[in-house]
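Spelled out, the chains give:
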Amino acid sequence: MDEKIKKEIDGMSQYEMCRLWRFTKFDGPMHYLFKGEVGEYFQKVLGEKGGFTQEISKSLGWDS
């Protein structure tokens, strides 16, 4: 995995990661965050930061 992408993921807050998870279009420019090795790393880091909680889900809502 590219170190730049790894640093980008590591630098995101739990909230930012959840927002991307919910609202990224899977054919859009950020879709690479959810595929293959990068996707596995994204999920691992999000889990380490506390995952996608009910509180964050409610805060995000469903409208991007």
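Scroll up to find the structure this text is about.
Summary of the structure given here.

Parameters at a glance
What you see as residue numbers is a count from 1 along each chain, following the sequence as written. Where local features are concerned, this predicted model is filtered to residues with pLDDT of at least 70; where side-chain atom pairs are given and counted, the filter is 80 or more; whole-chain, interface and lining totals use all residues. Computation of side-chain values: all heavy atoms of the structure, hydrogens and water removed. Secondary structure elements are taken from DSSP: a helix is a run of H or I of four residues or more, a strand is a run of E of two residues or more, and numbering for both begins at the N terminus. Working rule for contacts: check all heavy atoms of both residues, and any pair within 4.5 Å makes them a contact. Each accessible area is a Shrake-Rupley result for a 1.4 Å probe, and residues are judged covered by the shown protein chains and nothing else. Working definition: a ring pair exists when centres of Phe, Tyr or Trp rings (six-membered ring for Trp) sit within 6.5 Å. Plane angles under 30 degrees give stacked, over 60 give edge-to-face, the rest tilted. Throughout this description, buried means an accessible area under 20% of the type-specific maximum (1.4 Å probe, protein chains only), exposed means over 50%, and partly exposed covers the range between. In this scheme, Lys NZ or Arg CZ marks a charge over a ring once it lies within 6 Å of the ring centre and within 35 degrees of the ring normal. Helix axes are fitted only over the stretch in contact, all axes being lines through C-alpha atoms; the angle between N-to-C directions runs from 0 to 180 degrees. Any angle from 65 to 115 degrees is called roughly perpendicular, while one under 35 is roughly parallel, one over 145 is roughly antiparallel, and all others are oblique. Helix crossings fall into two classes, left-handed where the near helix is turned counterclockwise from the far one by less than a right angle and right-handed where it is turned clockwise. Note on residue classes: Ala, Val, Leu, Ile, Met, Phe, Trp, Tyr, Cys and Pro are nonpolar, Asp, Glu, Lys and Arg are charged, and everything else, Gly too, is polar.

1. A word on the overall build of the protein
Stage number 1. Check the secondary structure of the protein and you find four helices and zero strands.
Stage number 2. Secondary structure elements of the protein occur, N-terminal to C-terminal, as α-α-α-α.
Stage number 3. Based on the C-alpha atoms only, the size of the protein along its principal axes is roughly 35 × 25 × 15 Å.
Stage number 4. In the protein, 69% of the contacts between residues at least 6 apart in sequence involve partners at least 24 apart.
Stage number 5. Just so you have it, the protein exposes about 4,400 Å², and 51% of that area is on carbon and sulfur atoms.

2. Points about the packing of aromatic side chains
Stage number 1. Taken as a whole and assessed by the stated rule, the structure comprises three aromatic pairs.
Stage number 2. With a centroid separation of 6.1 Å and an interplanar angle of 15°, the aromatic rings of Trp21 and Phe42 are classed as stacked. Of the two residues, Trp21 sits in helix H2 (residues 14–23) while Phe42 sits in helix H3 (residues 36–48), which places them 21 residues apart along the sequence.
Stage number 3. The class for Trp21 is partly exposed, based on a relative accessible area of 36%.
Stage number 4. Looking at Phe42, the relative accessible area reads 0%, which means it is buried.
Stage number 5. Judged by centre distance (5.1 Å) and plane angle (70°), the ring pair of Phe34 and Phe42 falls under edge-to-face.
Stage number 6. Relative accessible area serves as the criterion here: at 15%, Phe34 is assigned to the buried category.
Stage number 7. Taken together, the aromatic side chains of Trp21, Phe34 and Phe42 make up a single cluster linked through ring pairs.
Stage number 8. Directly above the ring of Trp62 sits Arg22, whose terminal nitrogen or CZ lies 3.7 Å from the centroid.

3. Here's the deal with H2
Every α-helix winds through 3.6 residues per turn, so residues three or four apart in the chain are directed the same way.
Stage number 1. Among all positions of H2, only Met17, Cys18, Leu20 and Arg22 are buried.
Stage number 2. For H2, the elements touching its buried residues are helix H1 (3–10), H3 and helix H4 (54–60).

4. Observations concerning the packing of H2 against H3
Stage number 1. The contact between H2 and H3 brings their axes to 10 Å, and the two run at 135°. Here H2 lies oblique to H3, going by the angle between them. In terms of crossing hand, the pair formed by H2 and H3 is left-handed. Between H2 and H3, the residues in contact are Gln14, Met17, Cys18 and Trp21 and Phe42, Gln43, Val45 and Leu46, respectively.
Stage number 2. Looking at side-chain class alone, the contact of H2 with H3 contains six nonpolar, two polar and no charged residues.

So, to be careful, I would describe these as geometric facts and stop short of saying anything about function.
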